[in-house]
Amino acid sequence: MAENNTQIPLQEEVLEDNQAVSKPPMGWEVVVREFAKDKIALISLVILLIIILMAVIGPFFIDESQASLVNIFDRYKQPGTDGFILGTDDAGRDVLHQLILGTRNSLTIAWAVTILTAAFGTLIGLIAGYYGNHVDNLIMRIVDFLIVLPTTMIIIVVVTIVKRFDPWTLIWIISCFGWMGQTRLVRTASLSEASKDYIQASKTMGTRDWKIMLTSLLPNLSSLMITNLTLSFAGNIGLETGLSFLGFGLPVGTPSLGTLIGYARTPDIIQNKTWVWLPATLLVLVMMLAINYIGQAFQRIANSKQRRG
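Residues numbered from 1 in each chain as written. Predicted model: local features only at pLDDT ≥ 70, side-chain atom pairs only at ≥ 80, totals over all residues. Heavy atoms only, no water.

Caption draft 1: The arrangement of the overall build of the chain in detail. Scanning the chain from terminus to terminus reveals 15 helices and zero strands. The buried share among the 309 residues of the chain stands at 39%. For the chain, contacts bridging at least 24 residues in sequence account for 69% of all contacts bridging at least 6. (Helix = DSSP H or I, 4+ residues; strand = E, 2+ residues; numbered from the N terminus. Buried < 20%, exposed > 50% of the residue type's maximum accessible area, 1.4 Å probe, protein only. Contact = heavy atoms within 4.5 Å.)

Structure follows, in structure tokens:
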């Protein structure tokens, strides 16, 4: 009998240890394990963080007023000449300084647009998905109308009309036409989530609608929203770069990745002066690829069936 009594606790300890080992990862542990399994996504994350740090810290070591000065004697100097690591442009400005400042401006605009469109689009999507019926029909008909408009052409027209123009003006203009995709995504997920028992139980208990949406419904959509934020960030970088390349982005004289790429307009510059436009082009390409791989990792994190870790 004594032997049986000693075996029972041992069996219980083994069961507890097995349960501890088989317990599924939660929270940040899922993110860490997924990136540890996906080496490409991990390398992409490191590269993107380095670029962001360069864009944030680099301008503190640059005199912006000096970097924008025109010096015809330093015009089109090749990389490595007279201390210019990446050479100079047609105005004699340091391409490296322009690249750092342009990266900061492009990333700032893209991130600000991403946050604004995500916040407004999520709010409208939550309202449409939570209330449904006539509220949902009204909101979605407006969204369907706005989403088919030629957004880029409208932004170009508005930028042309606006007289007092600065980076924040561009941010607000792009944000006004960029929230519809987020609204459709959140609305679709909210419709499915709002019909579940825990939402109905909260309504029965008399909890206010805004509290249910923010504290119960929204947290269950967080993984989906993080994935969409990552991909939207890449899209907004491309949009800002494209507008600046066409001459409808940041004001004249304000560095941007798009303005640097825009120097490649003549056969002579494209073939013989590649240092002016190629670094910005490669930087945009690397950022897009990095954000894409990071977004794929977050998408797998949001879907437990696709996880590698």
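Caption draft 2: The arrangement of unusual backbone geometry in detail. With a phi angle near 50°, Tyr76 is a residue other than glycine that sits in the positive phi range. Phi angles above zero are rare outside glycine, and Asp82 is one such case at about 55°. With respect to the helices and strands, the residue Asp82 is situated in the loop between α4 (64-67) and α5 (95-131). Accessibility expressed as a relative area gives 55% for Asp82, which makes it exposed.

Caption draft 3: Local environment of the nonpolar core. Membership of the largest hydrophobic core comes to 25 residues, with the highest contact counts inside it found for Phe35, Ile237, Leu257 and Met287. Counting only elements with at least two residues in this core, the list comes to α2 (28-37), α3 (39-57), α5, α12 (222-246), α13 (257-261) and α15 (274-302). A per-element tally of this core places α15 first, with nine residues. In contact with Phe35, other than residues within four places in its own chain, are Ala41, Leu42, Leu45, Ile294, Ala297, Phe298 and Ile301. Judged by nonpolar contacts, the second largest core, of 13 residues, contains Ile109, Val113, Leu170 and Ile174. (Core = buried A, V, L, I, M, F, W, Y, C linked by side-chain atoms within 4.5 Å.)

Caption draft 4: Geometry of α3. The end-to-end C-alpha distance of α3 is 27 Å, a good match for the 27 Å that 19 residues give at a rise of 1.5 Å each. Taken together, the buried positions of α3 are Ala41, Ser44, Leu48, Ile51 and Ala55. Projection of α3 onto a plane perpendicular to its axis shows the buried side chains occupying an angular sector of 90°, all on one side. When the buried face of α3 is taken as reference, the exposed residues oriented beyond 90 degrees from it are Lys39, Ile43 and Ile50. The inward-facing, buried residues of α3 contact α2, α5 and α15. The N-cap of α3, judged by a side-chain oxygen 3.3 Å from the amide nitrogen of Ile40 a few residues on, is Asp38. (Expected span 1.5 Å × (residues − 1). Arc of directions from axis to C-beta. Polar contact = N/O pair within 3.5 Å; in protein donor to acceptor, adjacent residues only side chain to side chain.)

Caption draft 5: Local environment of the packing of aromatic side chains. One pass over the structure, following the stated rule, counts four aromatic pairs. Seen from the ring of Tyr130, Lys203 lies directly overhead, with NZ or CZ sitting 4.6 Å from the centre. In this structure, Arg265 packs its charged tip against the face of Phe245, placed 5.2 Å from the ring centre. (Phe/Tyr/Trp six-rings, centres within 6.5 Å; stacked < 30°, edge-to-face > 60°. Lys NZ or Arg CZ within 6 Å of the ring centre and 35° of its normal.)

That is the geometry; function is a separate question.
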